[in-house]
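# Structural features, examined
Here is how the chains run, residue by residue.
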Amino acid sequence: MIRYAAGTFFFLALSILTVANGRDLIKLPSEARRFFAGTEEGNGEAGDDSVGTRWAVLLAGSSGYWNYRHQADVCHAYQILKRGGLRDENIVVFMYDDIANNEENPSPGVIINSPHGEDVYKGVPKDYIGDDVTVDNFFAVLLGNKTAVKGGSGKVVDSGPNDHIFVYYSDHGGPGVLGMPTSPYLYANDLINVLKKKHASGTYKSLVFYLEACESGSIFEGLLPEGLNIYATTASNAEESSWGTYCPGDNPSPPPEYETCLGDLYSVAWMEDSDVHNLRTETLRQQYQLVKQRTANQNSYHGSHVMQFGDLKLSVDNLFMYMGTNPANDNFTYAVSNSLRPSSKTVNQRDADLVHFWDKFRKAPQGSTRKYEAQKDLAEAMAHRTHIDNSIKLIGKLLFGFQKGPQVLKTVRPSGKPLVDDWTCLKSLVRTFETHCGSLSQYGMKHMRSIANICNAGVSIEQMAEVSAQACTGFPSSSWSSLHRGFSA
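Sequence order sets the numbering: in each chain, residues are counted from 1 along the sequence as written. In keeping with the model being predicted, local features are shown solely for residues with a pLDDT of at least 70 and side-chain atom pairs are shown and tallied solely at 80 or more, while totals for entire chains, interfaces and linings include all residues. Processing note: side-chain calculations cover all non-hydrogen atoms of the structure and skip hydrogens and water entirely.

### Thoughts on the sheet that holds strand β17 (residues 347–348)
- Strand pairing is defined by DSSP finding a minimum of two bridges between the two strands. Here a helix means four or more residues in a row that DSSP labels H or I, a strand means two or more in a row labelled E, and each is numbered from the N terminus. Reading across the sheet, the three strands line up as β14-β13-β17 and stay open at both edges, with antiparallel pairing between neighbours. Among the strands making up the open sheet, the edge pair consists of β14 (263–264) and β17.
- Inspection of the sheet shows strand β13 (residues 243–245) paired to β17 by two bridges, in the antiparallel sense. In the strand pairing of β17, Gly244 is matched with Val347.

### Digging into the pairing of strand β6 (residues 91–94)
- Three labels apply to residues, based on accessible area from a 1.4 Å probe with only protein chains included: buried if under 20% of the type maximum, exposed if over 50%, partly exposed otherwise in between. Of the two faces of β6, the one carrying Ile91 and Val93 and the one carrying Val92 and Phe94 are both buried.
- In the sheet, strand β5 (residues 54–60) pairs with β6 via four bridges, with the strands oriented parallel. Across the sheet, residue Ala56 finds its bridge partner in β6, namely Ile91.
- When the strands point away from the viewer and the path from the first strand over the helix to the second turns clockwise, the crossover is right-handed. Assessed by its sense of winding, the connection that carries the chain from β5 through helix α3 (residues 68–83) to β6 is right-handed.

### Focus on the environment of Thr281
- Checked against the element boundaries, Thr281 lands in the loop between α6 (265–276) and α7 (284–296).
- Given the relative accessible area of 27%, Thr281 is considered partly exposed.
- Taking the C-alpha atoms as reference, Thr281 lies 7.9 Å from Leu319; in sequence the two are 38 residues apart.
- A polar side-chain atom of Thr281 sits 3.0 Å from the main-chain carbonyl oxygen of Asn278. A 3.5 Å cut-off defines polar contacts: any pair of N or O atoms within that distance qualifies, except that in protein one atom must be a possible hydrogen donor and the other a possible acceptor, and neighbouring residues in sequence count only when both atoms are side-chain atoms.

### So, the nonpolar core
- We define the nonpolar core as a collection of buried residues of types Ala, Val, Leu, Ile, Met, Phe, Trp, Tyr and Cys that are connected through side-chain atoms lying within 4.5 Å of one another. Of all hydrophobic cores here, the largest spans 71 residues; its most connected members are Phe138, Leu191, Phe209, Phe220 and Leu426.
- In terms of residues, this core owes the most to one element, helix α12 (residues 423–437), which gives seven residues.
- The criterion used for residue contact is that any of the two residues' heavy atoms lie within 4.5 Å. Sequence-distant contacts of Leu426, defined by excluding residues within four places in its chain, comprise Tyr187, Leu419, Val420, Met448, Ile451, Ala452 and Cys455.
- Counting residues in each nonpolar core, the second largest holds 47 residues, with Ala60, Ala77, Ile91 and Val93 among its members.

### Description of the pattern of salt bridges
- By definition, a salt bridge exists where a carboxyl oxygen of Asp or Glu is found within 4 Å of a side-chain nitrogen of Lys or Arg. By the definition in use, this model includes 19 salt bridges.
- Bridged by salt links that share partners, the residues Glu104, Glu259, Lys360 and Arg370 form one connected network.

### A few points about the sheet that holds strand β10 (residues 186–187)
- Strand order in the open sheet formed by three strands is β8-β9-β10, and the pairing between neighbours is antiparallel. With one partner strand each, in any of the chains shown, β8 (173–174) and β10 form the two edges of the open sheet.
- Sheet topology places β8 next to strand β9 (residues 177–178); two bridges connect them, and they run antiparallel. Within β9, the residue paired with Gly173 across the bridge is Leu178.

### Let's talk about the packing of aromatic side chains
- Pairing of aromatic rings covers Phe, Tyr and Trp, the last through its six-membered ring, and needs centres within 6.5 Å; plane angles under 30 degrees mean stacked, over 60 mean edge-to-face, and all others mean tilted. Scanning the model with the defined rule gives 16 aromatic pairs in all.
- With centroids separated by 5.7 Å and ring planes inclined at 75 degrees, the aromatic side chains of Phe138 and Tyr169 adopt a geometry described as edge-to-face. Within this pair, whereas Phe138 is found in helix α4 (residues 135–143), its partner Tyr169 is found in strand β7 (residues 164–170), the two being separated by 31 residues in sequence.
- Residue Tyr169 is classed as buried on the basis of its relative accessible area, which comes to 0%.
- Their ring planes at 65 degrees and their centres at 6.3 Å tell us that Tyr210 and Tyr266 sit as a pair that is edge-to-face. Linking Tyr210 in strand β11 (residues 206–212) with Tyr266 in helix α6, this pair joins segments that are 56 residues apart in sequence.
- Classification of Tyr266 by relative accessible area gives buried; the value is 2%.
- By way of ring pairs, the aromatic residues Phe94, Tyr128, Phe138, Phe139 and Tyr169 are connected into one cluster.
- For a Lys NZ or an Arg CZ to count as sitting over a ring, it must be within 6 Å of the ring centre and within 35 degrees of the ring normal. Geometry around Phe320 places Arg54 over its ring, the cationic atom sitting 4.3 Å from the centre.

### Details of the packing of α6 against α7
- To obtain each axis, a line is fitted to C-alpha atoms, and for helices this fit is confined to the stretch in contact; angles are then taken between N-to-C directions over 0 to 180 degrees. Look at α6 against α7: their axes get within 9 Å of each other, and the N-to-C directions meet at 135 degrees. By the angle between their directions, the pair α6 and α7 is classed as oblique. The handedness of the crossing between α6 and α7 is right-handed. Residues Leu265, Tyr266, Val268, Ala269, Trp270, Glu272, Asp273 and Ser274 of α6 form the contact with α7, whose participating residues are Gln287, Leu290, Val291, Arg294 and Thr295.
- Residues belonging to the contact of α6 with α7 are distributed by class as follows: seven nonpolar, three polar and three charged. Comment on the angle field: the value is read as roughly parallel under 35 degrees, roughly antiparallel over 145, roughly perpendicular from 65 to 115, and oblique elsewhere. By definition, any crossing whose near helix is turned counterclockwise from its far helix by less than a right angle is left-handed, and any crossing with a clockwise turn is right-handed. Asp, Glu, Lys and Arg are counted as charged, while Ala, Val, Leu, Ile, Met, Phe, Trp, Tyr, Cys and Pro are counted as nonpolar; the rest, among them Gly, fall into the polar class.

### Overview of unusual backbone geometry
- Note the cis peptide between Ser183 and Pro184, where omega equals 0 degrees.
- Assignment of secondary structure puts Pro184 in the loop between β9 and β10.
- Across the junction of Asn251 and Pro252, the peptide omega takes the value 5 degrees, indicating a cis bond.
- Following the sequence through the fold, Pro252 ends up in the loop between β13 and β14.
- With a phi close to 65 degrees, Asp97 is a non-glycine residue in the positive phi region.
- By secondary structure assignment, the location of Asp97 is in the loop between β6 and α4.
- With a relative accessible area of 22%, Asp97 lands in the partly exposed category.

The quantities given are spatial measurements derived from coordinates; they are silent on function.
What follows is the structure, given as structure tokens:
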């Protein structure tokens, strides 16, 4: 207690306000930092701040150049952790790895996460890439189950009871579901069951989960109980989209040759905050508040409501406990005024592919193959969307009537209640729909609430098959609707 009082006085006596690089920051003398934190050693650990090892799992759940931002997000997160002192052996990275050397990438072998950003791809471990980015491998890695992993590096979270785990997932999503570049997708109940199993194994002290996806709040709402020592934040609530940023036409805009969004608003918010602050002195709660403010984008339509779930008492933990900290930021601690200015414009995650195709079409020379391909890609994407939207609407009307159908499909359950009562029913009806109507794909995940409501209304698989067959006499032949990768559930 005496040491704490003396330390507090020492901090107040020595800390001063300064302006550095145009930012208002609290400058904390390195002597004071060392007084509080002790000596750094091992895996970025400090005796007074944490015991055990820091682990991280980073996952980008998409593929395709139009989804550039998800892999850029994950690569950026890796650089933060690496500079924070985590070792590669304790960081597991999932990404399809089709962006850096994609023919559309104007800087081969380089990925950036902001208009004037550095290369975040350099040095990133390729633990699980291509078709090894699967739900089963993700779960096996979290559980530390080496025998269940198929392909990849075989690296897993081999954590112990005193360890701290950070999980960051960036992708498309929908009510109760997260995307994967492979099939099936990840469903909320399965993730929660794995987290419960991880807790029951006694192989971590605390776990933090950052989730970027549309309707990402639905992954935890009514499902993640307290008492698992898990703290989660999500880019949006259970009913709204999340947003891409640094997109063509945005301000600031990516270099014109990129023709795609470079990042996601929630993800860029927490990472650009982590880039510039001493994470020994910033708490999870402080970062949550800052990210919430920036992602709301001045409460405009082009923003979302960042949410928090689980054991909120963990939010008083310093970010250092999970991410380490960059020694170069020792003198820059958190201040509310440090909130970075939000973009003036963002793009709905589900429309980022259209932005890419349109920008590509607009810039391509008249009569060129590139212009034709961009026009074809845009037309196929729009045809798929129209087909999925119309099919779901018609199924609702066939099941519940032309007046009641739309109401049933759009019903949102009370806050705190999970999306669906029977997750097996939901997955069965998804497969039934896709059998007759083609893949939902990344766009069609938006209709997962409608299918959940059909389950909640007691509709059987046989009934769903009958109306799906009536609604869909066929489906587009494009890759968006194709079932070549299997069902989404």
